[in-house]
Each structure stands twice: as C-alpha cells, then as structure tokens.
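Below, each chain spelled out in residue letters.
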Amino acid sequence: MHYLLLYEVAPDYLERRGEYRGEHLAMAWESAQRGELILGGALTDPADGAVLLFKADSPDVPAAFAKADPYVLNGLVAKWTVRGWHTVVGEQACAPVHP
C-alpha cells in the first residue's frame, strides 16, 4: 500500500530548516534505502508544506517517520497527516488496474 505523509510547515520553516536539514535528509535517505520512502520533497510557490510517498504494510511506517523527524520535533512542521493512497496506474502501482 502507498501512503502519503503530508506536512504543513510553520511560517518560519524556510528560515529555520537549515539547522535541521542534514539530520532530516539523512533520516529520509535511510528510509529510502530500506524501501519505505519512495519520494519526498517540499512544495513550492508557496513553500507551505511537503509530501512524502511511502510504500509500507501499514500507516505506522510513515507515522513513525514523522514522530522521529527533527522537523516535527523542533516545530518546523505545524501539522502532519498520513493518508492511504490506493494507486492503480503506473509501474509502481500497488493495485494495478488495466482497461
């Protein structure tokens, strides 16, 4: 199953992220190497959030990521949500549906 981890960032996110970015990115790449995190990155214009795509057996995997993320722990992320994403089209779809 795919899961989206959606971040809403604090107003001072851009000014403060440099202090925690290295640790955040190291954690993200480790998750990617385990095959959990597929894609992740910040939204732009405006830079008011981020989206991280996970492939996992349960929403606990992206939730655990968020709970340990230095961006969350240090208040750069104001709110986070995990949403299941039922993917049906594409090479990596979890439940491919062909016409």
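The rules we used
Residues numbered from 1 in each chain as written. Predicted model: local features only at pLDDT ≥ 70, side-chain atom pairs only at ≥ 80, totals over all residues. Heavy atoms only, no water. Helix = DSSP H or I, 4+ residues; strand = E, 2+ residues; numbered from the N terminus. Rg over C-alpha atoms; globule rule 2.2 N^0.38 Å. Buried < 20%, exposed > 50% of the residue type's maximum accessible area, 1.4 Å probe, protein only. Contact = heavy atoms within 4.5 Å. 1 Å grid on protein atoms, 1.4 Å probe; cavity = no way out; pocket = protein on both sides within 12 Å on 5 of 7 lines; lining within 4 Å. Points joined across faces, edges and corners; volume = space filled by probe spheres on them. Nonpolar A, V, L, I, M, F, W, Y, C, P; charged D, E, K, R; others polar. Arc of directions from axis to C-beta. Expected span 1.5 Å × (residues − 1).

> Looking at this model, I keep getting lost on the overall build of the protein. Mind explaining?
Looking only at helices and strands, the protein features four helices and four strands. Traced from its N-terminal end to its C-terminal end, the protein shows the element sequence β-α-α-β-β-α-α-β. Its C-alpha radius of gyration of 14 Å places the protein within 12% of the 13 Å reference for a compact globule of 99 residues. Along the first, second and third principal axes, the C-alpha atoms of the protein reach 45 × 30 × 20 Å. Expressed as a percentage of its 99 residues, the buried residues of the protein come to 33%. In the protein, of all internal contacts separated by at least 6 residues, the share reaching a separation of at least 24 is 69%.

> Would you explain the layout of surface pockets in this entry?
For the largest pocket, the calculated volume is near 360 Å³. What lines the largest pocket is a set of 20 residues, and nearest its centre among them are His24, Leu25, Ala28, Gly40 and Gly41. Looking at side-chain class alone, the lining of the largest pocket contains 15 nonpolar, three polar and two charged residues.

> Looking at this model, I keep getting lost on helix α3 (residues 60–68). Mind explaining?
The periodicity of an α-helix, 3.6 residues per turn, causes residues three or four places apart in sequence to face the same way. Every buried residue of α3 is listed here: Pro62, Ala63, Phe65 and Ala66. The arc enclosing the buried residues of α3, seen along the axis, measures out at 155°, which places them on a common side. Exposed residues on α3 whose side chains face more than 90 degrees from its buried face are Asp60 and Lys67. For α3, the secondary structure elements touched by its buried residues are β1 (2–9), α2 (18–33), β3 (49–55), α4 (70–73) and β4 (77–85).

> Hey, could you run me through unusual backbone geometry in this one?
The phi angle of most residues is negative, glycine excepted, and most peptide bonds adopt the trans form. Residue proline 46 is bonded to the preceding aspartate 45 through a cis peptide linkage, with omega at 10°. You can see proline 46 is positioned in the loop between β2 (37–42) and β3. The phi dihedral of aspartate 45 is positive, around 50°, even though this residue is not glycine. Along the chain, the position of aspartate 45 falls in the loop between β2 and β3. Overall, aspartate 45 belongs to the exposed group, its relative accessible area being 77%.

> Quick question: what am I supposed to make of α2 here?
The end-to-end C-alpha distance of α2 is 23 Å, a good match for the 22 Å that 16 residues give at a rise of 1.5 Å each. Burial in α2 covers these residues: Tyr20, His24, Met27, Ala28 and Ser31. Where α2 is buried, its residues meet α1 (13–16), β2, β3, α3 and α4. Where α2 ends, the next residue or the one after it, glycine 35, has phi of about 85°, a positive value.

Keep in mind that these numbers describe shape and distance, not what the molecule does.
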